[in-house]
Amino acid sequence: MSSNWDTQLASMLNELSDLQRHSLDVLERKRRALATADMEGLARTTEEEGRIVERLQSFVARREALLEQAQREGLPCRGIRELATAVGGTGTAQRRQLLEAAGRARLLQIQALTNWMLTQKAVIHLSQLLEIIATGGRPKPTYDKGESCQRLESCGALVDREV
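Residues numbered from 1 in each chain as written. Predicted model: local features only at pLDDT ≥ 70, side-chain atom pairs only at ≥ 80, totals over all residues. Heavy atoms only, no water.

Caption draft 1: Region of interest: the overall build of the chain. Tallying secondary structure elements over the chain gives 4 helices and 0 strands in all. The order of α-helices and β-strands along the chain, N terminus first, is α-α-α-α. Sorting the 163 residues of the chain into buried and exposed places 23% on the buried side. In the chain, the share of contacts with a sequence separation of at least 24, taken over all contacts with a separation of at least 6, comes to 62%. Carbon together with sulfur atoms contributes 57% to the accessible area of the chain, which is approximately 11700 Å² in total. (Helix = DSSP H or I, 4+ residues; strand = E, 2+ residues; numbered from the N terminus. Buried < 20%, exposed > 50% of the residue type's maximum accessible area, 1.4 Å probe, protein only. Contact = heavy atoms within 4.5 Å. Areas by Shrake-Rupley, 256 points an atom, 1.4 Å probe, with all protein chains shown as cover.)

Structure representation (structure tokens):
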């Protein structure tokens with residue numbers, strides 16, 4: 001029985017490692033595409049991200065099924081690490097795989113945050129360009145003393161009476 005659990009856990013960890021490596025590669029390429037405004041590269045990474053999401057959904061479903069099976073057998077089932085410890089499968093190789101998976105998960109978080117920040121920077125830049133185009137490069141002052149406010153009662157000195 002322990003051998004079956006070891007095999008299933010090893011298979012899950014191998015699949016997780018592959019998914020994480022592929023995700024890191026795609027996020028790195030996406031970061032480069034965002035930084036260089038490579039729209040074709042960005043489109044390619046978007047397609048790959050969709051495939052990764054499908055693989056992750058399948059992986060999560062398998063993980064949940066494995067943890068439900070562990071629960072039915074009375075084993076700890078809050079996570080893969082806890083399950084591996086409970087079935088005695090935390091040998092050197094599995095322990096190393098678990099630590100590497102945790103490290104890659106952290107790298108994935110950092111890469112995703114970096115890409116989000118680059119995207120936000122691009123959105124702000126585009127917003128500023130649109131503002132420049134819309135105003136002809138000459139924004140109106142916030143407090144205008146000119147012709148647009150001829151009568152004090154209609155220009156909203158404190159509260160606009162026309163509202």
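Caption draft 2: Looking closely at unusual backbone geometry. The phi angle at Ala37 is positive, at roughly 55 degrees, despite the residue not being glycine. As for its placement among the helices and strands, Ala37 is situated in the loop between α1 (2–36) and α2 (39–72). Residue class for Ala37 comes out exposed when judged on its relative accessible area of 57%.

Caption draft 3: Examining the side chain of Lys30 more closely. Counting through the fold element by element, Lys30 comes out in helix α1. Side chain to side chain, Lys30 and Glu49 meet in a polar contact 3.1 Å long. Residues contacting Lys30, with those up to four places away along its chain left out, are Leu42, Thr45, Glu49 and Asn115. (Polar contact = N/O pair within 3.5 Å; in protein donor to acceptor, adjacent residues only side chain to side chain.)

Caption draft 4: Representation of the pattern of salt bridges. For the coordinates displayed, the defined rule picks out 11 salt bridges. The partner of Arg96 in a salt bridge is Glu100, and the shortest N-O contact between them spans 3.6 Å. One end of the pair, Arg96, and the other, Glu100, are both in helix α4 (residues 92–135), 4 residues apart, so they sit about a helical turn from each other. Assessed through its relative accessible area of 31%, Glu100 is described here as partly exposed. (Salt bridge = Lys/Arg side-chain N within 4 Å of Asp/Glu carboxyl O.)

Caption draft 5: Here's a closer look at α2. With 34 residues, α2 ought to run about 50 Å at 1.5 Å a step, and its terminal C-alpha atoms sit 49 Å apart, in line with that. Capping the start of α2, Asp38 holds a side-chain oxygen 3.4 Å from the backbone nitrogen of Glu40, two or three residues further along. Gly74, located one to two residues past α2, shows a positive phi value of around 80 degrees. (Expected span 1.5 Å × (residues − 1).)

Caption draft 6: Examining the nonpolar core more closely. Formed by 15 residues in total, the largest nonpolar core has its most connected members in Trp5, Leu9, Leu66, Leu75, Ile80, Leu83 and Val87. If you list the elements that add at least two residues to this core, you get α1, α2 and α3 (80–86). (Core = buried A, V, L, I, M, F, W, Y, C linked by side-chain atoms within 4.5 Å.)

Caption draft 7: Representation of a nonpolar patch on the surface within the structure. The grouping of Leu113, Trp116 and Met117 at the surface amounts to a nonpolar patch, some 350 Å² of accessible area in total. Its location among the elements puts Trp116 in helix α4. (Patch = residues over 30% accessible without salt bridge, like charges linked within 9 Å, V, L, I, M, F, W, Y side chains within 5 Å.)

Caption draft 8: Spotlight on α4. For α4, with 44 residues, the first-to-last C-alpha span of 65 Å sits near the 64 Å given by 1.5 Å per residue. Turning to α4, its buried residues number three or more, namely Gln94, Gln97, Leu98, Ala101, Arg104, Leu108, Gln111 and Asn115. Of the residues one or two after α4, Gly136 is the one with positive phi, at around 70 degrees.

Caption draft 9: Focus on the confidence of the model for the chain. When pLDDT is averaged across the chain, the result is 82; 82% of the residues are at 70 or more. Averaged pLDDT values over the elements of the chain bottom out at 81 in α3 and peak at 92 in α2. (pLDDT = per-residue confidence, 0-100.)

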